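Read off the chains here:
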Amino acid sequence: MAKEFRNIVVLTGAGISAESGIKTFRDADGLWENHHVEDVATPEAFQRDPQLVHRFYNERRAYLLDGIEPNAAHRALAKFEAGHTGQFTLVTQNIDDLHQRAGSRNLLPMHGELLKIRCKRSGQLFDCHEPTSPEQPCPCCNQSGNLRPHVVWFGEMPLHMDEIEDALSQCDLFISIGTSGNVYPAAGFYQMAKAVGAHTVELNLEPSNHGSRFDDARYGPATVEVPAFLQSL
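**Observations regarding a negative patch on the surface**
Now for step 1: Among the surface-exposed residues, Asp162, Glu163, Glu165 and Asp166 lie close enough to one another that they form a single negatively charged patch.
Now for step 2: You can see Asp166 is positioned in helix H7 (residues 161-170).
Now for step 3: Take Asp166: its relative accessible area is 45%, and that puts it in the partly exposed class.

**A closer look at the sheet that holds strand E11 (residues 216-219)**
Now for step 1: Across the sheet, six strands lie side by side as E5-E4-E1-E9-E10-E11; this open sheet has parallel pairing. Sheet topology places strand E5 (107-109) and E11 at the edges, where each strand pairs with a single neighbour. Direction aside, neighbouring strands of the sheet carry axes that sit 15° apart on average.
Now for step 2: With three bridges connecting them, strand E4 (residues 87-92) and E5 associate as parallel partners. What sits directly across from Leu90, in E5, is Leu107.

**Focus: unusual backbone geometry**
Now for step 1: Phi at Asn142 is positive, roughly 65°, even though this residue is not glycine.
Now for step 2: With respect to the secondary-structure elements, Asn142 resides in the loop between strand E7 (125-127) and strand E8 (147-151).
Now for step 3: What makes Asn142 exposed here is its relative accessible area of 60%.

**Structural notes on helix H5 (residues 72-83)**
Now for step 1: An ideal rise of 1.5 Å per residue puts 16 Å on twelve residues; H5 measures up with 16 Å between its terminal C-alpha atoms.
Now for step 2: Of the residues making up H5, those classed as buried are Ala73, His74, Ala76, Leu77, Ala78, Phe80 and Glu81.
Now for step 3: Looking at the buried positions of H5, the neighbouring elements they touch are strand E1 (7-12), helix H1 (14-18), E4, helix H6 (98-102), strand E9 (173-177) and helix H9 (222-232).
Now for step 4: Sitting at the amino-terminal end of H5 is Asn71, which places a side-chain oxygen 2.8 Å from the backbone nitrogen of Ala73.

**Remarks on the pattern of salt bridges**
Now for step 1: Within the structure shown, the criterion is met by nine salt bridges.
Now for step 2: Measuring nitrogen to oxygen at the nearest pair gives 3.8 Å for the salt bridge that ties Arg6 to Glu4.
Now for step 3: In this structure, Arg218 engages Asp216 in a salt bridge whose closest nitrogen and oxygen atoms are separated by 3.3 Å.
Now for step 4: Among the residues examined, Arg218 registers a relative accessible area of 27% and is labelled partly exposed.
Now for step 5: Connected through salt bridges with shared partners, the residues Glu69, Asp97 and Arg101 form a single ionic network.

**Quick notes on the pairing of E1**
Now for step 1: By the criterion of burial, E1 is predominantly enclosed, with five of the six residues buried.
Now for step 2: Pairing of E1 with E4 involves six bridges; the strand directions are parallel. Across the sheet, the residue bridging to Thr12 is Thr92, located in E4.
Now for step 3: Judged from the five bridges that link them, E1 and E9 form a sheet pairing that is parallel. Paired with Leu11 across the bridge in E9 is Ser176.

What counts and what doesn't
- Residues numbered from 1 in each chain as written.
- Predicted model: local features only at pLDDT ≥ 70, side-chain atom pairs only at ≥ 80, totals over all residues.
- Heavy atoms only, no water.
- Patch = residues over 30% accessible without salt bridge, like charges linked within 9 Å, V, L, I, M, F, W, Y side chains within 5 Å.
- Areas by Shrake-Rupley, 256 points an atom, 1.4 Å probe, with all protein chains shown as cover.
- Salt bridge = Lys/Arg side-chain N within 4 Å of Asp/Glu carboxyl O.
- Lys, Arg positive; Asp, Glu negative; His and termini not counted.
- Charge placed at Lys NZ, Arg CZ, Asp CG, Glu CD.
- Helix = DSSP H or I, 4+ residues; strand = E, 2+ residues; numbered from the N terminus.
- Buried < 20%, exposed > 50% of the residue type's maximum accessible area, 1.4 Å probe, protein only.
- Pairing = 2+ DSSP bridges.
- Axes fitted to C-alpha atoms, helices over the stretch in contact; angles between N-to-C directions.
- Expected span 1.5 Å × (residues − 1).
- Contact = heavy atoms within 4.5 Å.
- Polar contact = N/O pair within 3.5 Å; in protein donor to acceptor, adjacent residues only side chain to side chain.

Following this line, the structure appears as structure tokens:
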């Protein structure tokens, strides 16, 4: 690519972590890891059965920490960011920590982080690598029942939206990686970047909902397409 881009926003979805062994969010039958989403990923589910919700995220956390590693796509993004002299913002819909482990710095996890818990009362965050339970006392208020996964559930507002919208309003290159384009507000980031004249690129296993409208689109495994595209910049 001949043009030099200064302000870059990258959006990543489940497709980038799938090659590290993490399952994509929902199977075709609507189940997430054999659970109905409304049973484990809504505020109502947590209120109804906190034991089940804690157990569900304990299992996801244990799986993430059991040999799952960043892949070539995660590493390529971190390497590119380290060498980029302009603004680089990486927005991820994923709750794993693979971007962090690969070395990404200016990272906005809009759906939360699996390896953190938070106090419902104060909002304070705590690192979490061990199983949690409803009986566990919160480190900040010492009350049991106040700790919850630091994950954005259905019906809740994604995190860092002001920062994301600010970055999109200034970007001249928007890259969407491994995301279906089905879930809002992330599905609208493409239009926000387009509205300010940014060059838009989709790197995906197959075309997303907006696939044909991107200025540039390349389809194949993220571990192949992401390093190759970033190298072309």
